[in-house]
Amino acid sequence: AMRRSFKNILVVVKQTPYEQYSQLRAQGKAPVALRWERLKNRYESHKNCVDEVIHSLKNLGVTYSVIGREELHRGSMIDKDLVIAVGGDGTILNTASFMDDSIPVLGVNS
């Protein structure tokens, strides 16, 4: 069996609604009826997942970089040989839309 090693990995991370609404709240623009506790729990779960992915990459000793989904552009893919999209279906599909089929994408549902 042929084994492929990845030398330069890009981790794409979604921004959660909790983070988005927290920014709005700081500006006094957040909707009033938000369920902050539920949003915060989802954010914590997502952040733990991201931390776990990064911890695993550090332990493997591979070169990686982390970028927010909203900062992603085609230039982000230069020299990358694997992309890990951490979020949900939207994050994976959005990430894939910037790529051709020469770079594999690993989706991690957070």
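Keep in mind it's a predicted model, so treat the numbers as computed, not measured.

## A few points about the packing of aromatic side chains
- The full count for this structure, using the stated rule, is 2 aromatic pairs.
- Arranged with centres 6.0 Å apart and planes meeting at 85°, the rings of Tyr 18 and Trp 36 form a pair that is edge-to-face. Residue Tyr 18 is found in helix α1 (residues 17–26), and its partner Trp 36 is found in helix α2 (residues 36–60); the two are separated by 18 residues along the sequence. Taken as a pair, Tyr 18 and Trp 36 share a single burial class, namely buried.
- Joined through ring pairs, the aromatic side chains of Tyr 18, Trp 36 and Tyr 43 make up one cluster.
- Positioned above the aromatic ring of Trp 36 is the side chain of Arg 25, whose terminal nitrogen or guanidinium carbon lies 3.8 Å from the ring centre.

## Section: the sheet that holds strand β3 (residues 82–87)
- Strand order in the open sheet made by the 4 strands is β2-β1-β3-β4, with parallel pairing throughout. Edge positions in the sheet fall to β2 (63–68) and β4 (105–109), since each has one partner strand and no second. The average angle at which neighbouring strand axes cross in this sheet is 20°, direction not considered.
- Both strand β1 (residues 8–13) and β2 contribute to a ladder of 6 bridges, which runs parallel. Counterpart to Val 12 in the pairing with β2 is Ile 67.
- Sitting on the sheet, α2 touches β1, β2, β3 and β4, and the angle it makes with β3 is about 155°.
- Taken strand by strand, helix α3 (residues 89–96) contacts β1, β3 and β4, and its axis lies near 150° from that of β3.

The rules behind these values
- Residues numbered from 1 in each chain as written.
- Predicted model: local features only at pLDDT ≥ 70, side-chain atom pairs only at ≥ 80, totals over all residues.
- Heavy atoms only, no water.
- Phe/Tyr/Trp six-rings, centres within 6.5 Å; stacked < 30°, edge-to-face > 60°.
- Helix = DSSP H or I, 4+ residues; strand = E, 2+ residues; numbered from the N terminus.
- Buried < 20%, exposed > 50% of the residue type's maximum accessible area, 1.4 Å probe, protein only.
- Lys NZ or Arg CZ within 6 Å of the ring centre and 35° of its normal.
- Pairing = 2+ DSSP bridges.
- Axes fitted to C-alpha atoms, helices over the stretch in contact; angles between N-to-C directions.
- Contact = heavy atoms within 4.5 Å.

The values are spatial; any link to function lies outside them.
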